[in-house]
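One letter stands for each residue in the lines below.
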Amino acid sequence: MKQGAPSLGFEQRASGALKNLPLRQALEAATERFIAQRASAFRDLPDAEALRKRARAIKEEVLTRLDDYLRQLADSVRKRGGVVHWAKDGTEARGIVLDLARARGVKSVVKSKSMVTEEIELNEALEGAGIRPVETDLGEWIIQLAGEKPSHIIAPAIHKSRHEVAELFSRKVGKSLAPDIELLTATAREQLRQEFLQAGMGISGVNFAVAETGTLVLVTNEGNGRMVTSVPPVHLAIMGIEKVIPTLEDLVVFLKILARSATGQKASSYVSLITGVGRDGDSDRPRELHLVILDNGRSRFLSGPFREALYCIRCGACLNVCPVYRQVGGHAYGATYPGPIGIIVTSMLQGPGGSKELAAASSLCGACQQACPLDIDIPHMLLELRREAVADRQASGGERAAFWLMAAILRYDGLYRLAGRVGRLLQRPFVRGTSIDRLPFRLSRWTAVRDFPPLAARTFRDRWRMLGRNGG
Amino acid sequence: MAGSGERAMVRTEQAEFLGHIRSSIGSGRERTVAPIRFASSEASPRAEAAQGVGRLLDRFLVELSLAGGTGHRVQSPAHAQGALRDLVRASGARRAVMWRHPLLARLDLRAALADTGVACWEVPADVPEGERLTLMATADLGVTAVDYAVADTGSLVLCSRPGQERLVSLLPPIHVALLPPSVLVSGLEALPPLLRRDLEGPGGASNIVFITGPSRTADIELSLTQGVHGPKALHVIAWDEEPGGPEGRDHL
Amino acid sequence: MKASLFVTCLVDLFYPEVGEAIVQVLRALGVSLDCPEGQTCCGLPLVNNGYRAEAARVARRMIPLFERSERIVVPSGSCAWMLREELPRLFPADAATRAQAEAMGRKALEFSEFVAQVADGDTIGMSLPGTTVTYHDSCHLLRGLGVSEVPRRLLRRVEGIRYVEMPGADRCCGFGGSFSVKLPEISGAILREKIRNIEATGAQIVVADDCGCIMQMSGGLSRQRSGARVLHLAQVLAGQGAL
């Protein structure tokens, strides 16, 4: 069940978020911090622009020959003893995971943070089959205990205060815990350590998958990624098709960008490179490695105006700078992936005919593209979604009429001048001094929040005509 | 759509899956893209080291510290024992697990630990399989060598192979790594050719980890805390070039 | 030097004094300015809401009006962006019109860009002693056209001005065209943050080179009865800054 039922609509969920003062304070603190850290991390990266271009070029190469690279990846993984599964959608992916878990008699699964598993609602499926999924990323565990969805791609529980966390943990361990962050972290370490040691399967996402060597790369800070992929006897990794990259050299380019973009670190605490299963005689490795490669609508974007959306490395930089996200947080979007890139990705996952309501949730300021380490042209993709919404007749009759009228007014000079005269007449009862503080009908949406300027008594064009046309 | 209905489903085969992708790309395949690549440096750690390992080590230790790790620069390998002993006393550790590694043997670290009353097991050699996990999970200290170290980021690179158990650097709350000068490289760019060698063949390392500082999180109120699931503290004992020439790089 | 003025619908209908200020400033710089008859709008509101075909029709009518212009001065960053970057993209299948659109775009300069080209190095404006002024980067001007230093430089050269850099000057004011009425609560929340930043500078005048931003910010400042005024750069340079 998504946080804030989708039937409510973005505007209503956003309205609720705007009234939530603690949430807004947490969002402001978090996004400001991330912005500052990211800025300083990129400032001391000598070849930042060159890296960005390289990263784009690598992604472009991969998407152009994606089937070849996926084939190479699968061959490399299998050569090293891994098993590759292909899932065209979430249903297939869930089926693969459940089949394997049941076949191995798995009772509990430890998970490291994976947006893809959220996307396919894997936890719900596991629970439905009587298998207990345990989120091990601290932020994810917090919201799992709270029964909520993540509010930010990188920091899923930023909306929770230490007091709320203390309450959650106290209920979990059955004794009262002080809202002390060190204590709470130590509690999580202890509780989750037990889970790691007894789980029958570890499930992870994949940050990058290197085709030449069949290496799955996991970028984490807490160490749970290493635990999930080292302790349980079976490791299952799920990745979107766009995560494959050609070589280890390409990996270095992305590693340099990812940590800096996401949290402002030069490098995350841990980067795990997982290549197949170890040789017999290695005692501390999983006995099985399974890789699930998921499409779930991504292939839809491989040609066409949304291709660049597949460049996304899920760093969250666009969220931190988006004026809309900063005000309302992730839950308002009512989707797995929030924020600017989330709007595009959500449309991709929904498929043709899906609601384009979210495409309106942007002032088109362009800060997202500027912050994006891959320079993804999110604003143009938003414009394209809006165009599709109109073409699909998703706009209300009233809106279509209004824009049809606007288009006519802008095309026909006579109509334009007439509209001006009519407007100046109709506005008279509303003008108070030099501004209008209340407008009727739909226009009240403006004046509910701010004043509106009156139409000028004489337009500029009229004044120009009076002044004479001399070039001066 | 979760539940028992998934049991008897059709699974997409590779050919169909990739065929669908290929046709989705369509005419876009004709595009020729020239990806910009690094001029990949074939420098081996030894060659890099010869260019002034002292400075590489300086940089490494600065970055390590910024990442929350603690560096211990000793005069020579012979002094590593002393540094380890000091560390152990300061931490109050009683049980340690250790890699079986030629460098650690040469430094005679088992003896150093025994001197301080710390019980030490080399994993997996000293321990029956069923008990390994518990032992590593209850140890206070994990001692390893490293395969490489990256000065630019203060990162250690550890490959898992027999004698180099991955959990030794993960489960105990303190991780101590011994860093000889010969394995230092300048930046991440130097790693691909090295890692390629470590990955190839049937003996390839199934797990390689880049470790940069201790485990950490800022998930609660953005307050940085160390020691979530991985080690709370990372200590690196390092020394400069020996006057006689670069330290040999040993591994299986 | 000859140039044509692209009025923009917001200047024409709501802020003609901005247009007058531009005329005054450019004439004082020796520019021979004309204003092609029959102009309405660049079509950006239609594009922003997904009505591209309609925007193309408006553009087709508008492009010939500027055929004989040597240079085109545009009061708003967003309209200048529309003409330079977006206009040709409205005609993917019509090479002839696309070429005309590209030609028009090459001639288009936003007001401050134009002034810097014409009068680089000169002090242009009236003096404005004892007035604290700050500057808001409008999104299309900053991120779309890459203009940020020029307007600040021109402002700083106004004699007597006390220029203060606003925190978050480069952050959106929340206008976003129809966004301001489609999601007014969010637009208002973004605006309130902008106003807090304005008030933090103690500025009496906020300068912006985009009438959409001017409309949004002045609407908010007036609603909050804040003392600060929002002016276009041209108005400050033309001496409309003095009370």
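The structure presented is a predicted model; accordingly, all values stated were derived computationally and were not measured.

**Topic: the overall build of chain A**
Here comes step 1: Helices and strands together make up the secondary structure of chain A, namely 21 helices and 12 strands.
Here comes step 2: When its C-alpha atoms are laid out on the principal axes, chain A stretches across 95 × 55 × 45 Å.
Here comes step 3: Of all 472 residues assigned to chain A, the portion counted as buried reaches 57%.
Here comes step 4: Within chain A, residue pairs in contact and separated by at least 24 positions form 74% of the contacts whose partners lie at least 6 positions apart.

**Remarks on the sheet that holds strand β12 (residues 233-239) of chain B**
Residue and element names in this part refer to chain B.
Here comes step 1: Taking strand neighbours across the sheet as the criterion, the six strands line up as β1-β12-β7-β4-β2-β3 in an open arrangement whose pairing is parallel. Whereas interior strands pair on both sides, the edge strands pair on one side only; in this sheet they are β1 (70-74) and β3 (119-122). Looking at each pair of strands side by side, their axes are set apart by 20 degrees on average, direction ignored.
Here comes step 2: Of the strand pairs in this sheet, strand β2 (residues 95-98) and β3 are connected by four bridges, and their pairing is parallel. Bridging from a neighbouring strand, Arg 95 pairs with Ala 119 of β3.
Here comes step 3: Where helix α3 (residues 53-66) meets the sheet, its contacts fall on β1 and β12, and the angle it forms with β1 comes to roughly 150 degrees.

**Some remarks on the interface of chain B and chain A**
Here comes step 1: Across the contact, 71 residues belong to chain B and 87 residues belong to chain A.
Here comes step 2: Every element with two or more residues in the side of chain B that touches chain A is listed here: α1 (14-25), α7 (129-138), α8 (191-199), β9 (207-211) and β10 (216-217) of chain B.
Here comes step 3: When residues of the side of chain B that touches chain A are assigned to their parent elements, the largest contribution, eight residues, is made by α1 of chain B.
Here comes step 4: In the side of chain B that touches chain A, the residues fall into 31 nonpolar, 24 polar and 16 charged.

**Some words on the confidence of the model for chain B**
All names here are of chain B.
Here comes step 1: The pLDDT averaged across chain B works out to 84; a share of 83% of its residues lies at or above 70.
Here comes step 2: Confidence over residues 46-50 falls short of pLDDT 50; this stretch has 13 contacts with residues more than four positions distant or in other chains.
Here comes step 3: As a predicted assembly, this complex carries a pTM of 0.92 together with an ipTM value of 0.95.

**Some thoughts on the interface of chain C and chain A**
Here comes step 1: Counting residues at the interface gives 57 residues for chain C, matched by 50 residues for chain A.
Here comes step 2: At eight residues, the largest contribution of residues to the side of chain C that touches chain A is made by helix α11 (residues 184-201) of chain C.

**Digging into the packing of helix α9 (residues 162-173) of chain A against helix α10 (residues 181-198) of chain A**
Residue and element names in this part refer to chain A.
Here comes step 1: Following both chains from N to C, one finds α9 and α10 inclined at 35 degrees, their axes separated by 10 Å at the closest point. Viewed along their axes, α9 and α10 form a crossing whose handedness is left-handed. Here α9 contributes Arg 162, Val 165, Ala 166, Phe 169, Lys 172 and Val 173 to the contact with α10, which in turn contributes Ile 181, Leu 184, Thr 187 and Gln 191.
Here comes step 2: A class-by-class count of the residues in the contact of α9 with α10 yields six nonpolar, two polar and two charged.

**Looking at helix α3 (residues 48-64) of chain A**
Here comes step 1: With 17 residues, α3 of chain A extends 24 Å between its outermost C-alpha atoms, agreeing within 8% with the 24 Å of an ideal straight helix rising 1.5 Å per residue.
Here comes step 2: Looking at the packing, one finds that the buried side of α3 of chain A touches α4 (66-79), β8 (244-245) and α12 (248-263) of chain A.

**Here we look at the domain arrangement of chain A**
Here comes step 1: Each assigned domain of chain A is listed with its residue range as follows: domain 1 (1-22 + 314-395), domain 2 (45-296) and domain 3 (400-467).
Here comes step 2: The C-alpha-based centres of domain 1 of chain A and domain 3 of chain A are spaced at 31 Å.

**Here's the deal with the pairing of strand β2 (residues 108-111) of chain A**
Residue and element names in this part refer to chain A.
Here comes step 1: Bridging between β2 and strand β3 (residues 132-135) involves four bridges; their strand directions are parallel. The residue bridging Ser 108 from the neighbouring strand is Arg 132, located in β3.
Here comes step 2: Pairing between β2 and strand β4 (residues 201-204): three bridges, direction parallel. From the neighbouring strand, Val 109 faces β4, where its bridge partner is Met 201.

**Comments concerning the packing of α11 of chain C against helix α12 (residues 211-223) of chain C**
Residues and elements named next belong to chain C.
Here comes step 1: In contact at an axis separation of 10 Å, α11 and α12 are set at 75 degrees when each is read in the N-to-C sense. Taken as axis vectors, α11 and α12 run roughly perpendicular relative to one another. Contacts between α11 and α12 pair Leu 191, Lys 194 and Ile 195 from the former with Gln 216, Met 217, Gly 220 and Leu 221 from the latter.
Here comes step 2: Here the residues of the contact of α11 with α12 sort into four nonpolar, two polar and one charged.

**Some words on the confidence of the model for chain A**
Here comes step 1: Confidence along chain A averages 91 in pLDDT terms, with 96% of residues attaining 70 or more.
Here comes step 2: Every residue in residues 1-6 of chain A is under pLDDT 50, and counting partners more than four places away or in other chains gives 10 contacts.

**A few points about the environment of Leu 439 of chain A**
Residues and elements named next belong to chain A.
Here comes step 1: As for its position among the elements, Leu 439 is in the loop between β12 (435-436) and α20 (444-447).
Here comes step 2: For the pair Leu 439 and Ile 376, spaced 63 residues apart in the sequence, the C-alpha separation amounts to 39 Å.
Here comes step 3: Ignoring anything within four residues of it in the chain, the contact list for Leu 439 reads Phe 430, Ser 444, Trp 446, Thr 447 and Phe 452.

**Looking at the sheet that holds strand β4 (residues 108-110) of chain C**
Residue and element names in this part refer to chain C.
Here comes step 1: Read from one edge to the other, the open sheet built from four strands follows the order β2-β1-β3-β4, with strand pairing classed as parallel. The open sheet terminates on both sides in strands that have one partner only, identified here as β2 (32-34) and β4. Strand-to-strand twist across the sheet, computed as the mean angle between neighbouring axes with direction ignored, equals 35 degrees.
Here comes step 2: When strand β3 (residues 72-74) meets β4, the two strands line up parallel, connected through three bridges.

About the criteria used
- Residues numbered from 1 in each chain as written.
- Chains lettered and ligands numbered in written order.
- Predicted model: local features only at pLDDT ≥ 70, side-chain atom pairs only at ≥ 80, totals over all residues.
- Helix = DSSP H or I, 4+ residues; strand = E, 2+ residues; numbered from the N terminus.
- Buried ≥ 20, exposed ≤ 12 C-beta atoms within 10 Å, placed from the backbone.
- Contact = placed C-beta atoms within 7 Å.
- Pairing = 2+ DSSP bridges.
- Axes fitted to C-alpha atoms, helices over the stretch in contact; angles between N-to-C directions.
- Nonpolar A, V, L, I, M, F, W, Y, C, P; charged D, E, K, R; others polar.
- pLDDT = per-residue confidence, 0-100.
- Left-handed = near helix turned anticlockwise from the far one by under 90°.
- Expected span 1.5 Å × (residues − 1).
- Domains from an automatic or database assignment.
- Parallel < 35°, antiparallel > 145°, perpendicular 65-115°, else oblique.

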